[in-house]
Amino acid sequence: MSTGMIPILFSATETQFKTQGIGALSDVISCTVQEGLNEIYELEMQYPMGGLHFEEIKNRTLLYTIPSPYRLPQPFRIYRITKPLNGICTVYAKHISYDLSGTPLNTFTANSAPQAMVGLETNAAVDSPFTFWTDKTTTAAFAVTVPSSTRSVLGGQAGSVLDVYGGEYEWDKFAVKLHTKRGGDNGVTI
């Protein structure tokens, strides 16, 4: 878990994140991002009802913040805002990569990790801003036999990209990167 910078609020349709969007949420009380390897990637924020831009914080809008030290800012889509308790709301958001749950994927087959990653991009049933990359060279048969959500095909089920090829995902804005191994061994033991 990590505490990020002051989040910046963006509209639900933003894809570039090159401006200050709707605005910085400078009255943030806390903003914490939790990321598990190939698992959860979510944000929780405490924000006062009287805070700057509070009225614009709505479901589906995006929070842009640094998830952990040494990482670049990432967008998180708001999915839940609690009722205020003592004038403070809790805002929950998932990394933008969860949008892939709503991106349908046509059937296709691949014989290697690189082919599978290309197939995810070229077989999307709708326009999608997501790109896919891997440094893995693993050869194995992979198939999407029924139309499926792209996120489910990436991992979490038998026959998924992660199940067939292994690896460690990095979610970087709209880029999905399947690494052989994230990070490196610098020889330090704690």
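Let us look at the structure shown here. All of these numbers come straight from a predicted model, not from anything done at the bench. (Residues numbered from 1 in each chain as written. Predicted model: local features only at pLDDT ≥ 70, side-chain atom pairs only at ≥ 80, totals over all residues. Heavy atoms only, no water.)

Concerning the overall build of the protein
Across its full length, the protein holds three helices and 15 strands. Along the three orthogonal principal directions, the C-alpha set of the protein runs to about 55 × 45 × 30 Å. Counting over 190 residues, the protein shows a buried share of 42%. Put simply, 54% of the contacts in the protein that link residues at least 6 apart link residues at least 24 apart. (Helix = DSSP H or I, 4+ residues; strand = E, 2+ residues; numbered from the N terminus. Buried < 20%, exposed > 50% of the residue type's maximum accessible area, 1.4 Å probe, protein only. Contact = heavy atoms within 4.5 Å.)

So, the environment of Trp171
With respect to the secondary-structure elements, Trp171 resides in strand S14 (residues 168–172). Sequence-wise, Trp171 and Ile96 are 75 residues apart; in three dimensions their C-alpha atoms are separated by 8.6 Å. Once residues lying within four places of it in the same chain are set aside, the contact partners of Trp171 are Glu35, Tyr41, Arg71, Gln74, His95, Ser97, Arg151, Leu154 and Val176.

Side note on helix H1 (residues 113–122)
Residues of H1 that are buried: Ala113, Ala116, Met117, Gly119 and Leu120. Buried residues along H1 cover an arc of 155° about the axis, so they all sit on one side. Relative to its buried face, H1 has exposed residues pointing more than 90 degrees away, namely Val118 and Thr122. (Arc of directions from axis to C-beta.)

Structural notes on the environment of Glu44
Within the secondary structure, Glu44 sits in strand S5 (residues 41–48). For Glu44, a relative accessible area of 36% corresponds to the partly exposed category. In sequence terms Glu44 and Thr145 are 101 residues apart; their C-alpha atoms lie 36 Å from each other. Apart from residues no more than four positions distant in its own chain, Glu44 is found in contact with Ser30, Cys31, Thr32, Thr90, Val91 and Tyr92.

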